[in-house]
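Chain and residue survey
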Amino acid sequence: MRFLLLPFSWIYSLVIFIRNKLYDIGILESNSVNRSIGIGNLSMGGTGKTPLTQYLAQWLIENKQAVHILSRGYKRSTDQNIFVKESHLSHEVGDEPLMYKKRFKNKINVLVSKNRWLGSLDAKKDNPNAFFLFDDIYQHRKVITNFSIITTPFNDLFVDDMVLPAGRLREPKGNINRASCILVTRCPEQLSQEERTVVEDKLSRYKKPLFFSSIRYENFICFGEELSKITSVMLVTGIAKNENLIAHIENTYKTKIISYPDHYRYSLDDIKDIHQKFNSFASEHTIILTTEKDMVRMLEFEEYIKINKLPMYYQPISIDVHNEQEFTSLIKDYVGEI
């Protein structure tokens, strides 16, 4: 079936080639933003951009930098540029921007803007010396960052995929040439040299600095009724890829799984349905567990959760960059003193 779609992929690739060429020769305008890092991918769906953005924000905070995260605010109901507050609802600003703000609070500023270049101008008015993290920026050619990171999952490398609609690539593989480095995400915690060599061989043709990272699961955080003991979990997710999380939870707990589409916008009826399914599954020490990104969407129904004393928890995650010192040193080489 994929091969029947190849002619459409060729047409799509031609359109992308023409668009990029117009930017390359200056007919379409690009604008450089100083003290900036861009996080992106070539593929549709989850490739680990969000945990990387959080990792970089934390690193910059620890290095005493003022941090602005700029995002388009995917699937938000608003159009204007908005500085995100913890009091915002997820549908107003997008789930990821709100998640960043709730995690880091007043340690960072988060701005949602359809045009990230214009958004960066607004952000500079707030703090001209701030450091900018652009979330999901790679195809947004209006902005040129000092340093650009492409994320690709260990078990789903972009090099093994095809361009839309035959595959899931937003643009041809050769367009990786605009990136400063590649970060392979969701690697096994104990990545063997043999596994590492296989990936290095596949990506060596692109001649980009290559780094590896794995997910670190942190302690559950409660946002409902707290339990003293947990023995089983009803896992509810609305993310692109939940396989690693499922494997991690099933390794420790008896687990029931409910999956929704990526960036799913929950309704009150959904929360009531989750509640009903929980009642049929629950034992004395059972919780409803979700992701940090889902949590900010579910908080729109915080009153229902509290009234019904639902034991709601979320699973925070971080990443460990395996060759971290080389990674951060390379960033400093591009953007200057941090």
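See the structure printed just above.
What counts and what doesn't
Residues numbered from 1 in each chain as written. Predicted model: local features only at pLDDT ≥ 70, side-chain atom pairs only at ≥ 80, totals over all residues. Heavy atoms only, no water. Axes fitted to C-alpha atoms, helices over the stretch in contact; angles between N-to-C directions. Helix = DSSP H or I, 4+ residues; strand = E, 2+ residues; numbered from the N terminus. Parallel < 35°, antiparallel > 145°, perpendicular 65-115°, else oblique. Contact = heavy atoms within 4.5 Å. Nonpolar A, V, L, I, M, F, W, Y, C, P; charged D, E, K, R; others polar. Pairing = 2+ DSSP bridges. 1 Å grid on protein atoms, 1.4 Å probe; cavity = no way out; pocket = protein on both sides within 12 Å on 5 of 7 lines; lining within 4 Å. Points joined across faces, edges and corners; volume = space filled by probe spheres on them.

**Overview of the packing of helix 2 (residues 49-62) against helix 11 (residues 324-335)**
- Two elements in contact, helix 2 and helix 11, have axes separated by 13 Å at closest approach and are oriented at 75°. Relative to helix 11, the element helix 2 is oriented roughly perpendicular. Residues L52, Y55, L56 and W59 of helix 2 pack against E324, F327, T328, I331 and K332 of helix 11.
- Tallied by class, residues from the contact of helix 2 with helix 11 come to 6 nonpolar, 1 polar and 2 charged.

**Description of the sheet that holds strand 3 (residues 82-83)**
- Strand order across the open sheet formed by 9 strands is 3-4-2-5-1-6-7-8-14, with mixed pairing between neighbours. The open sheet terminates on both sides in strands that have one partner only, identified here as strand 3 and strand 14 (317-321).
- The sheet contact formed by strand 1 (residues 31-40) and strand 5 (residues 131-135) spans 4 bridges and is parallel. Residue pairing across strands places I37 opposite L133, the latter belonging to strand 5.
- Set on the sheet, helix 2 makes contact with strand 1, strand 2 (67-71), strand 4 (108-112), strand 5, strand 6 (143-153), strand 7 (181-185) and strand 14; between it and strand 5 the angle comes to about 175°.
- Sheet strands in contact with helix 4 (residues 95-104) are strand 2, strand 4, strand 5 and strand 14, and its direction is about 170° off that of strand 4.

**What to know about the layout of surface pockets**
- Put simply, the largest pocket is a space of about 980 Å³.
- Forming the walls of the largest pocket are 45 residues, and the residues nearest its centre are G46, T47, R186, A240 and K293.
- Approximately 460 Å³ is the volume attributed to the second largest pocket.
- What lines the second largest pocket is a set of 23 residues, and nearest its centre among them are Q54, Q58, R103, F104 and S318.
- Of all the secondary-structure elements, those providing two or more residues to the lining of the second largest pocket are helix 2, helix 4, helix 9 (292-298) and strand 14.
- When residues in the lining of the second largest pocket are grouped by element, the largest group, 6 residues, is from helix 2.
- A per-class count over the lining of the second largest pocket returns 12 nonpolar, 3 polar and 8 charged.

These figures capture arrangement, not role.
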